[in-house]
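Observations on the three-dimensional arrangement
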Amino acid sequence: MMEKLTVDAEGKIVIPPEVIQKRGLHPGDELTLVESAEGLLVYQGGVDEKTLAWWNRLDDRQRLLAEDYALRDENLSEHERDASWNQEAESIEIEAESDELDLPTN
Amino acid sequence: MTSSTFQPTSVLLDKGVIRRVYERRVRLALAKPPTVLQVEAANSYAHIATIANRLYITEQTANILKRRTEIFAAPILADTRALKKARYLRRWARRLTDFAFSSEDAIVLAYGSFGLDVESKTVGVDAIITTDFRLAEHYERRHGEIKHRFDDMIVNLPETYAVLRLPQVLTTAAILATV
């Protein structure tokens, strides 16, 4: 859903009531205004359902383990982290084509 | 595009999206606030999982996840399937580099048309989701020429390839705008 909001003379914007209701917003709730390449984005705080479901499935021991692993991950330099996500880049060269599969014929 | 017009059956999540979804979980484990890109990716992932029947990643992304910490990576691997490369995927990727896409971007775009799900025996996806705004914008801008080149290539391939199509390419921010 995309909503157009108008900024008033004091710099305030009004969020339509249906969005307030749908998102369960209450007076005093914090929203984050982010400047991105695509313009200004408004984010509601909290954790998305998938991430929350994952976290809720972990028991106390697993959460401690996750924290320990997370700390190691966070302690990597940006370069090390980028390198770990850039392994095994796939070649587009003709010589690499031997692993390509024929389409099923049915 | 609105929520009623964006109803993909199959979606390929690029490596940048999966990385941010993973990192969102790392931040939660540390009780640290996530970055904007991580929130965008995680929220898009959660939304896409509710509307698409099949979530895909590339073989490279799957291999990277398999080497990362299981407690964060295993649930993402369980949610997704790795596409295999159908014949001519790289040929199409090389042609995409003629449109000034990097090799890495070209191969992801090529998976969108020539990525093979060996389980369901389907090929290609409805949409590729990326965190890379410039990639999506460039693809959109050159789409007419890309489509022309794609059609020229497909018509010269065996008949089984006639069903192939180009995917949509959308950013995580664009996905959230449809929620």
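Everything below is about the structure printed above this text.
Below is a summary of the structure that appears in this document. Since the model is a prediction, treat every value here as computed from it, not as a measurement.

Now for the overall build of chain A. Within chain A, the regular secondary structure consists of four helices and two strands. In terms of overall size, chain A is more extended than a compact globule, its C-alpha atoms giving a radius of gyration of 23 Å where 106 residues would be expected to give roughly 13 Å. With the principal axes as the frame, chain A shows a C-alpha extent of 65 × 45 × 40 Å. Across the 106 residues in chain A, those meeting the buried criterion constitute 10%.

With that out of the way, let us pick up the interface of chain B and chain A. Each partner contributes residues to the interface: chain B has 44 residues there, and chain A has 39 residues. Among the secondary structure elements, those contributing two or more residues to the side of chain B that touches chain A are α1 (15-29), α2 (36-51), α3 (59-67), α4 (70-79), β4 (84-85), α5 (89-97), α6 (103-114) and α9 (172-177) of chain B. Looking at the side of chain B that touches chain A residue by residue, the classes come out as 25 nonpolar, eight polar and eleven charged.

All names here are of chain B. Where α5 contacts α6, the two axes come as close as 8 Å, and the packing angle between them is 130°. One finds that α5 runs oblique with respect to α6. The handedness of the crossing between α5 and α6 comes out as right-handed. Residues L89, W92, A93, L96 and T97 of α5 lie in contact with α6, whose contacting residues are S103, A106, I107, L109, A110, Y111, S113 and F114. Per-class residue counts for the contact of α5 with α6 are ten nonpolar, three polar and no charged.

All names here are of chain B. If you walk across this open sheet you meet the three strands as β4-β5-β6, and the pairing is antiparallel. Pairing within the sheet leaves two strands with one partner each, and these edge strands are β4 and β6 (122-123). Sheet topology places β4 next to strand β5 (residues 115-117); two bridges connect them, and they run antiparallel. Its bridge partner lying in β5, K84 is registered against L116.

Cut-off values and rules
- Residues numbered from 1 in each chain as written.
- Chains lettered and ligands numbered in written order.
- Predicted model: local features only at pLDDT ≥ 70, side-chain atom pairs only at ≥ 80, totals over all residues.
- Helix = DSSP H or I, 4+ residues; strand = E, 2+ residues; numbered from the N terminus.
- Rg over C-alpha atoms; globule rule 2.2 N^0.38 Å.
- Buried ≥ 20, exposed ≤ 12 C-beta atoms within 10 Å, placed from the backbone.
- Contact = placed C-beta atoms within 7 Å.
- Nonpolar A, V, L, I, M, F, W, Y, C, P; charged D, E, K, R; others polar.
- Axes fitted to C-alpha atoms, helices over the stretch in contact; angles between N-to-C directions.
- Parallel < 35°, antiparallel > 145°, perpendicular 65-115°, else oblique.
- Left-handed = near helix turned anticlockwise from the far one by under 90°.
- Pairing = 2+ DSSP bridges.

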